[in-house]
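So you can see what is in the structure, the chains are spelled out below.
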Amino acid sequence: MMFNQSAVRVRAGVKADRGGNTVPDWANPDRLTVTGLNVQPTSQSEDVDEQRTAAITGYRVQSTEGTSPDIRATDRIEWAGQTFEVDGEVAVWPDLFTDTVHHIEFVMVRATG
């Protein structure tokens, strides 16, 4: 596989709402450019009803061997001029012979319509 792609991990800050609860604050997110990625199409679907046509596109993202980028299920990913959401948990693959991370994988999706 080729690991020549990069993306920007976008993580919400936190703020207190009127009730004093901690909630995500997307107004001032933390951004981290992540390199050494392989991004491949994984799913495409379209849902048509009388009011709209919704398209959902998904990609599987894998980091290069020996890396564990700081990406969480609650993050967003900016890639190819679009914003995606991490779909599900980030899988951490262990190295077979050592007690280290071999790579991570996750799915990101974007819904339109």
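Refer to the structure printed above.
This one's a predicted model, so the numbers in the text were calculated from it and none came from an experiment.

A. A look at the overall build of the protein. Per the secondary structure count, the protein includes zero helices and six strands. Reading the protein from its N terminus to its C terminus gives the helix and strand order β-β-β-β-β-β. By residue count, 27% of the 113 residues in the protein fall in the buried class. Contacts in the protein between residues at least 24 apart in sequence constitute 55% of all its contacts with a sequence separation of at least 6. Counting only carbon and sulfur atoms, one obtains 48% of the accessible surface of the protein, whose full area is about 7,600 Å². If you average the places of the 10 positive and of the 17 negative side-chain charges in the protein, the two averages end up 8 Å apart.

B. Local environment of the packing of aromatic side chains. Throughout the structure, instances matching the rule amount to three aromatic pairs. Relative to F84, the ring of W79 has its centre 6.2 Å away and its plane inclined at 55°; by these criteria the two rings are tilted. The exposure classification of W79 matches that of F84, with both residues buried. One aromatic cluster is present, built from ring pairs that chain together Y59, W79 and F84. In this arrangement the basic side chain of R76 is found over the ring face of W26, its NZ or CZ atom lying 3.7 Å from the centre.

C. Quick look at the sheet that holds strand β2 (residues 22-48). Read around the closed barrel, the six strands follow the order β1-β2-β3-β6-β5-β4; overall the barrel is antiparallel. For this sheet, the mean inter-axis angle between neighbouring strands, taken without regard to orientation, is 45°. Judged from the eleven bridges that link them, β2 and strand β3 (residues 53-63) form a sheet pairing that is antiparallel. Bridging across to β3, S45 finds its partner in I56.

D. Spatial organisation of the nonpolar core. Formed by 15 residues in total, the largest nonpolar core has its most connected members in V39, I71, I77, W79, F106 and M108. At the level of secondary structure, the elements contributing two or more residues to this core comprise β2, β3, β4 (76-79), β5 (82-94) and β6 (101-112). Residues contacting V39, with those up to four places away along its chain left out, are Q5, Y59, R60, V61, W79 and M108.

E. The pairing of β5, seen in detail. Pairing between β4 and β5: four bridges, direction antiparallel. Paired with R76 across the two strands is E85, which belongs to β5. The turn linking β4 back onto β5 is made up of two residues, and A80 within it adopts a positive phi angle of 55°.

F. How the structure looks around unusual backbone geometry. For A80, which is not glycine, the phi torsion reads 55° and is therefore positive. Mapped onto the fold, A80 is located in the loop between β4 and β5.

Rules and cut-offs
Residues numbered from 1 in each chain as written. Predicted model: local features only at pLDDT ≥ 70, side-chain atom pairs only at ≥ 80, totals over all residues. Heavy atoms only, no water. Helix = DSSP H or I, 4+ residues; strand = E, 2+ residues; numbered from the N terminus. Buried < 20%, exposed > 50% of the residue type's maximum accessible area, 1.4 Å probe, protein only. Contact = heavy atoms within 4.5 Å. Areas by Shrake-Rupley, 256 points an atom, 1.4 Å probe, with all protein chains shown as cover. Lys, Arg positive; Asp, Glu negative; His and termini not counted. Charge placed at Lys NZ, Arg CZ, Asp CG, Glu CD. Phe/Tyr/Trp six-rings, centres within 6.5 Å; stacked < 30°, edge-to-face > 60°. Lys NZ or Arg CZ within 6 Å of the ring centre and 35° of its normal. Pairing = 2+ DSSP bridges. Axes fitted to C-alpha atoms, helices over the stretch in contact; angles between N-to-C directions. Core = buried A, V, L, I, M, F, W, Y, C linked by side-chain atoms within 4.5 Å.

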